[in-house]
Amino acid sequence: MHPALNIAIKAARRAGQIINRASNDVDLLKVASKQPNDFVTEVDKAAEKAIIETLQEAYPGYGILAEESGLTAGQGTGDTEYQWIIDPLDGTTNFIHGMPQYAVSIALEHRGQMQSAVVFDPVRNEMFTASRGRGAFLNDRRIRVSRRAKLSEALVGTGFPYRVFDHVDAYLGMLKDMMEKTSGLRRPGAAALDLAYVACGRFDAFFEIGLSPWDIAGGALLVTEAGGLVGNLTGETGYMESGNMVASTPRIFPALLATLEPHLTDALRA
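Worth saying up front: this structure is predicted, and the values here are computed from it rather than measured.

Basis of the calculations
- Residues numbered from 1 in each chain as written.
- Predicted model: local features only at pLDDT ≥ 70, side-chain atom pairs only at ≥ 80, totals over all residues.
- Heavy atoms only, no water.
- Pairing = 2+ DSSP bridges.
- Helix = DSSP H or I, 4+ residues; strand = E, 2+ residues; numbered from the N terminus.
- Buried < 20%, exposed > 50% of the residue type's maximum accessible area, 1.4 Å probe, protein only.
- Polar contact = N/O pair within 3.5 Å; in protein donor to acceptor, adjacent residues only side chain to side chain.
- Contact = heavy atoms within 4.5 Å.
- Axes fitted to C-alpha atoms, helices over the stretch in contact; angles between N-to-C directions.

## Comments concerning the pairing of strand β9 (residues 135-138)
Pairing between strand β8 (residues 126-131) and β9: four bridges, direction antiparallel. Of the residues in β9, the one forming a bridge with T129 is F137. In textbook terms, the turn of a hairpin is the stretch between consecutive antiparallel strands, and for β8 and β9 this stretch comprises three residues, one of which, G133, has a positive phi near 80°. For β9 and strand β10 (residues 141-143), the ladder comprises three bridges, and the chain directions are antiparallel. Residue pairing in the sheet places L138 in a bridge with R141 of β10. Hairpin connection, β9 to β10: the antiparallel pair is bridged by two residues, and N139 has positive phi, about 50°.

## Observations concerning the side chain of S146
On the secondary structure map, S146 appears in the loop between β10 and β11 (155-158). Residue S146 is classed as buried on the basis of its relative accessible area, which comes to 13%. Here R148 takes part through its backbone nitrogen, which lies 3.3 Å from a polar atom of the side chain of S146. Side chain to side chain, S146 and D204 meet in a polar contact 2.5 Å long. Those residues in contact with S146 that lie beyond four places of it in its chain are G201, D204 and T249.

## Observations concerning the sheet that holds β10
The strand order β4-β3-β5-β6-β7-β8-β9-β10 describes an open sheet built from eight strands, whose pairing is mixed. Each having just a single partner strand, β4 (70-72) and β10 make up the two edges of the open sheet. Between one strand and the next, the sheet's axes are offset by a mean angle of 20°, whatever the strand orientation. Lying on the sheet, helix α5 (residues 191-199) is in contact with β5 (82-90), β6 (103-110), β7 (113-121), β8 and β10; it crosses β7 at an angle near 100°. On the sheet, helix α6 (residues 213-225) packs against β3 (63-66), β5, β6, β7, β8, β9 and β10 and is oriented at approximately 100° with respect to β7.

## Here's the deal with the sheet that holds strand β13 (residues 205-208)
Each strand in a sheet pairs with another by means of backbone hydrogen bonds, the pair being arranged parallel or else antiparallel. Taken in spatial order, the five strands make up an open sheet running β12-β11-β13-β15-β14, and their pairing is mixed. Looking along the sheet, the strands with just one partner apiece sit at the ends: β12 (184-186) and β14 (229-231). Direction aside, the axes of adjacent strands within the sheet are offset by 15° on average. When β13 meets strand β15 (residues 245-248), the two strands line up antiparallel, connected through four bridges. When the bridges of β15 are listed, E208 appears paired with M245. This element, α5, spans β11, β13 and β15 of the sheet and lies at about 155° to β13. Across the sheet, α6 is in contact with β14 and β15; its angle to β14 comes to roughly 145°.

Written out as structure tokens, the structure reads:
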């Protein structure tokens, strides 16, 4: 295991302890709204602080992109081509409502390529990890994407637009076709976990519009290291920049893209 992955696991567990303690008194939480339907709690901030402290202690030269505190340059010289990408609590709205579906996501990027990833579900104590070229794991057990080959048999994860509604009509068209052509659709509410579920075969595919880099950085590496494919809505790279993403087993990927294609606007093809 790469030393950086060990540190990321340690950071994720620290954050998970903070989140689990707070989940016992969720009614007492102070909740602020960053923008309509986009919430942040003191737990997000405390978890992010714990993660950053742990990572910076081990790798002070690495940059950091975190959901709540934004972009932080590495301290000192050297290692400036490395950047941690952090979501301290993916699924904050679920957390606020006591819905036990949320996760900590930490990824390490080097020159635009993801090198290590951790997605930690503190409710179920499930630690998903991946290192480039070394496979994906759930609590030290090797995981693979499912073997399903037909979209008609696939269970598909997605996420509804909730902040920006520019593409809602296109999304509803996608949703209608996916309902008709798949075994079922699910919207659990934490993209990092949705991608981890593709990696371990609980979902056969996933698609969503308008995600942020910290939502998908860790999960994307999990899927590819588990033998799956990821791309933007046309199957190309660029999903980190656009926030529009599909992920699935290799054999379902073409049918997934073909189902979404008729609904893509010029903006969604970018």
